[in-house]
Amino acid sequence: MKIIAIDPVLSVTAAKANEWLPIKPGTDCAFILAMINIIIHELKVYDVPFLKEMTNSPYLVGPDGYWLRDKVTAKAQVWDPIDQRAKTYDDADIKDFALEGVFEIEGVKGQPAFQMLQEHIKQYTPEWAAAITEIALIKYGASPENS
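Quantities reported herein were computed from a predicted structural model and do not represent experimental measurements. (Residues numbered from 1 in each chain as written. Predicted model: local features only at pLDDT ≥ 70, side-chain atom pairs only at ≥ 80, totals over all residues. Heavy atoms only, no water.)

**As for a nonpolar patch on the surface**
Okay, so step 1: A contiguous nonpolar surface patch, about 390 Å² in accessible area, is contributed by Ile32, Met35, Ile39, Leu43 and Val45.
Okay, so step 2: Structurally, Leu43 is set in helix H2 (residues 28-43). (Patch = residues over 30% accessible without salt bridge, like charges linked within 9 Å, V, L, I, M, F, W, Y side chains within 5 Å. Areas by Shrake-Rupley, 256 points an atom, 1.4 Å probe, with all protein chains shown as cover. Salt bridge = Lys/Arg side-chain N within 4 Å of Asp/Glu carboxyl O. Helix = DSSP H or I, 4+ residues; strand = E, 2+ residues; numbered from the N terminus.)

In C-alpha cells form, the structure reads like this:
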C-alpha cells in the first residue's frame, strides 16, 4: 500500500509516508470538496444502498430549499420510482428510493438531496482546489513521472 500524507508540516507521519503533499494551512475544505467531486462525478464510487436507506439523500427538496412535506403528517417525502409517486420517508410500502431526478408533487417540483449535492459539487474541481491548496494538480491513479 502506498501512503500519501496531506499535511501542512512535515510531521512524523508525513515523513514516514511514501509521499508528502504540503497543503496550504486552512485549505483542507477546498481539497475535500474537490475529492467529493471526483468520487461522485468521475469515479462514481459511493454506497447507493446506504445512501437510500440510512441517510436523507432521497428526501425531496423543493425550490425554496426545504424538504417537501406530506400535507397530512408533515413528514419529509421521498420519490418511489417503482410506484412512480411520492411517499413519506418512513412509509412501510416504499419499494425503492430515487436519488436522482426531478419530480412534481401537487404542482411543486422537488429533487432528492443527493441530486442537489451532485449538482452543487460540480463547481469544486481539482483545478479550483489546486489554486487554493497550492498542491500541484496530479491526476489520481497516475504517478508523477507518468503525468
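**Digging into the sheet that holds strand S7 (residues 108-112)**
Okay, so step 1: Strand order across the open sheet formed by 3 strands is S3-S7-S6, with antiparallel pairing between neighbours. What marks the edges here is a single partner per strand, and that holds for strand S3 (60-61) and strand S6 (103-105).
Okay, so step 2: For S6 and S7, the ladder comprises 3 bridges, and the chain directions are antiparallel. Its bridge partner lying in S7, Glu104 is registered against Lys109.
Okay, so step 3: Against the sheet, helix H4 (residues 113-121) touches S3 and S7, its axis set at about 75° to S7. (Pairing = 2+ DSSP bridges. Contact = heavy atoms within 4.5 Å. Axes fitted to C-alpha atoms, helices over the stretch in contact; angles between N-to-C directions.)

**Describing the pattern of salt bridges**
Okay, so step 1: Considering all chains together, one arrives at 8 salt bridges under this definition.
Okay, so step 2: Lys71 serves as the salt-bridge partner of Glu106, at 3.3 Å between the closest nitrogen and oxygen. Of the two residues, Glu106 sits in the loop between S6 and S7 while Lys71 sits in the loop between S3 and strand S4 (77-80), which places them 35 residues apart along the sequence.
Okay, so step 3: A relative accessible area of 70% places Lys71 in the exposed class. (Buried < 20%, exposed > 50% of the residue type's maximum accessible area, 1.4 Å probe, protein only.)

**Observations concerning the side chain of Gln111**
Okay, so step 1: Its location among the elements puts Gln111 in strand S7.
Okay, so step 2: A relative accessible area of 16% means that Gln111 is categorised as buried.
Okay, so step 3: In this structure Gln111 touches Tyr59, Leu60, Val61, Gly101, Val102, Met116 and Glu119, once residues within four positions along its chain are discounted.

**Some words on unusual backbone geometry**
Okay, so step 1: Residues other than glycine seldom take positive phi values, yet Lys44 does so here, at roughly 55°.
Okay, so step 2: With a relative accessible area of 55%, Lys44 lands in the exposed category.

**Topic: the confidence of the model for the chain**
Okay, so step 1: Of all residues in the chain, 93% have pLDDT values of 70 or greater, and the mean over the chain is 92.
Okay, so step 2: Across residues 141-147 the pLDDT falls below 50, and counting only partners more than four positions away or on other chains, this stretch makes 4 contacts in the model. (pLDDT = per-residue confidence, 0-100.)

**Topic: the pairing of S4**
Okay, so step 1: Along S4, one buried face is formed by Gln77 and Trp79 and the opposite face, lined by Val78 and Asp80, is buried too.
Okay, so step 2: Looking at chain direction, S4 and strand S5 (residues 85-88) are connected through 4 bridges and run antiparallel. Bridge pairing in S5 links Gln77 to Thr88.
Okay, so step 3: The turn linking S4 back onto S5 is made up of 4 residues, and Gln84 within it adopts a positive phi angle of 55°.

**With respect to H4**
Okay, so step 1: Of all the residues in H4, the buried ones are Ala113, Phe114, Gln115, Gln118 and Ile121.
Okay, so step 2: In this fold, the buried residues of H4 make contact with H2, helix H3 (48-54), S3 and S7.

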